[in-house]
Amino acid sequence: MSVTSVNPAATTSTNEYYLTRQSQMESNVRSYPRKLPLAIAEAHGCWVTDVEGTKYLDCLAGAGTLALGHNHPAVIKSIQDTLASGLPLHTLDLTTPLKDAFTEALLEQLPGGQEEYCLQFCGPSGADGTEAAIKLAKTYTGRSTVISFSGGYHGMTHGALAMTGNLSAKNAVNGLMPGVQFMPYPHEYRCPLGVGGEAGVDALTYFFENFIEDVESGVTKPAAVILEAIQGEGGVVTAPVKWLQKIREVTERHNIVLILDEVQAGFARSGKMFAFEHAGIEPDVVVMSKAVGGSLPLAVLGIKRKFDAWQPAGHTGTFRGNQLAMGTGLATIKTIKEQNLAQNAQERGDFLQAELKKLAVEFPCIGNVRGRGLMIGIEIVDERKQADHMGSLPADSQLAAAIQTACFNNKLLLEKGGRSGTVIRLLCPLIITQEECVEALARFKKAVAEALVAVRGA
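In the annotation of an unreviewed UniProt entry, the chain is listed under the name Diaminobutyrate--2-oxoglutarate transaminase and assigned to Acinetobacter wuhouensis. Under the Sequence similarities (unreviewed entry) heading, UniProt states for the chain: "Belongs to the class-III pyridoxal-phosphate-dependent aminotransferase family." Heading Cofactor (unreviewed entry) of the UniProt record for the chain holds this comment: "pyridoxal 5'-phosphate".

Here you go:
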């Protein structure tokens with residue numbers, strides 16, 4: 001059914017027509033339409049237009065998938081060229097000239113390039129990449145346990161969910177993958193040790209090393225340590241450099257496979273091609289998805305060659321050969337490099353953070369602004385209540401939800417995350433302009449003011 005053929009006479013709006021039909025035809029599992037109730041008709045760059053012709057500034061970007069925004073000319077041309085070339089769209093893991101070019105370009109982005117790494121094409125989701133990485137670590141080491149971190153998010157499949165910190169989806173599923181040991185992840189605003197500041201980082205850095213090396217820790221040596229250099233769904237929590245470097249040092253010393261989940265933070269979003277680069281480390285396995293496919297489904301592992309312990313068909317998947325995604329992924333990599341979008345992400349992100357911190361003076365309900373590049377978190381608090389001994393105020397999930405709703409009403413699309421959904425998250429396309437950043441800030445400021453009135457009457 002085309003948009004133009006719809007007659008919404010019996011409904012309040014055309015958006016409502018499609019949303020009602022969606023609720024009738026789709027599972028209760030759908031989530032984004034509950035918070036962002038629109039039906040999209042078209043999208044370009046940082047802007048989305050719904051079926052009623054209303055334009056929204058998109059600071060969600062497919063949860064980080066759309067590095068170049070919507071329908072970037074380089075992406076569209078890549079799709080058109082691939083379709084016109086006669087290449088098969090589906091090749092399992094058979095190679096093509098396009099796949100060859102994409103593989104070479106992607107390897108060049110990893111530290112050490114082809115000399116150090118090889119690629120594994122997985123099923124088209126980050127969760128499958130995570131599953132493959134863990135299986136590979138267990139295959140290589142012969143060990144069975146994994147260390148993950150509180151606040152981490154690695155996917156919703158059985159093994160990936162077992163390694164994810166958030167409990168909401170886990171509580172309903174019994175018998176997840178055993179052998180996952182969680183450890184605390186440093187947090188600049190809510191230190192898990194209750195220490196805070198550099199002292200908290202130092203304590204957690206020491207704690208990890210001691211935990212691995214203490215013969216009385218009670219935990220056997222793991223096959224892998226998996227983490228995000230910037231936790232995304234966990235509330236945009238950036239790992240301290242010294243902590244990451246210590247984890248790399250200890251895992252290397254004990255032959256533990258270090259897996260960096262770069263599904264959301266990768267591809268210039270943090271101001272560098274990969275977020276782990278800020279610490280100057282080299283992971284053993286890098287999990288890539290979202291932006292790696294240039295807006296189309298794709299997941300890839302970058303594997304240090306010494307850890308490539310697979311036997312043929314050790315981890316397979318029908319859709320490992322998505323040629324359109326490899327084409328759009330190649331176009332995305334080229335555009336990121338040619339237009340220096342990592343620098344744009346850094347500069348625009350620095351501007352947004354600086355302005356948001358100024359806004360926090362006017363609106364004390366903004367308790368903490370953090371992140372790197374165009375991966376920004378805004379933690380919403382109740383400043384009327386007493387701060388804890390570290391100066392951190394209680395989170396206000398009700399107000400955070402109201403701010404997201406007010407942003408939507410002001411035609412600004414963004415998402416929440418973090419514990420109890422109290423962190424407003426900005427994942428703007430890397431191509432966002434200074435003018436669009438100014439516009440996003442204006443809409444956000446208006447939304448915060450409106451949400452405060454709606455929730456607190458002031």
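The discussion continues.
Peer 1: Whenever I open this one, the sheet that holds strand 15 (residues 412-413) confuses me. Can you help?
Peer 2: The sheet built from four strands is open, its strands ordered 1-2-3-15 with mixed pairing. The sheet is open, and its two borders are formed by strand 1 (40-44) and strand 15, each paired with just one other strand. Of the strands in this sheet, strand 2 (47-50), strand 3 (55-58) and strand 15 touch helix 14 (residues 434-456), which is tilted by about 105° from strand 3.

Peer 1: For this particular structure, what's the right way to read the pairing of strand 14 (residues 375-380)?
Peer 2: Within a regular strand, side chains alternate between the sheet's two faces. Burial analysis of strand 14 places six of its six residues in the buried class, which makes it a mostly covered element. The two faces of strand 14 match: Met375, Gly377 and Glu379 on one face and Ile376, Ile378 and Ile380 on the other face are all buried. Between strand 13 (residues 366-372) and strand 14, which pair antiparallel in sequence order, lie two residues; one of them, Gly373, sits at a positive phi of approximately 55°. With four bridges connecting them, strand 14 and strand 17 (residues 423-426) associate as antiparallel partners. Across the sheet, residue Ile376 finds its bridge partner in strand 17, namely Leu426.

Peer 1: Even after reading the chapter, I still don't get the sheet that holds strand 6 (residues 180-183), so can you show me in this structure?
Peer 2: Strand-to-strand pairing in sheets goes through backbone hydrogen bonds, with the strands running parallel or antiparallel. Strand order in the open sheet formed by seven strands is 4-12-11-10-7-5-6, and the pairing between neighbours is mixed. The open sheet has two free edges, formed respectively by strand 4 (117-121) and strand 6, since each of these has just one partner strand. On average, adjacent strands in this sheet sit at an angle of 20° to one another, irrespective of strand direction. The strands that helix 9 (residues 197-213) touches are strand 5 (146-149), strand 6 and strand 7 (224-227); relative to strand 6, the one it contacts most, it runs at about 150°.

Definitions and cut-offs
Residues numbered from 1 in each chain as written. Predicted model: local features only at pLDDT ≥ 70, side-chain atom pairs only at ≥ 80, totals over all residues. Heavy atoms only, no water. UniProt positions renumbered as here; feature names shortened; annotations may be inferred. Pairing = 2+ DSSP bridges. Helix = DSSP H or I, 4+ residues; strand = E, 2+ residues; numbered from the N terminus. Contact = heavy atoms within 4.5 Å. Axes fitted to C-alpha atoms, helices over the stretch in contact; angles between N-to-C directions. Buried < 20%, exposed > 50% of the residue type's maximum accessible area, 1.4 Å probe, protein only.

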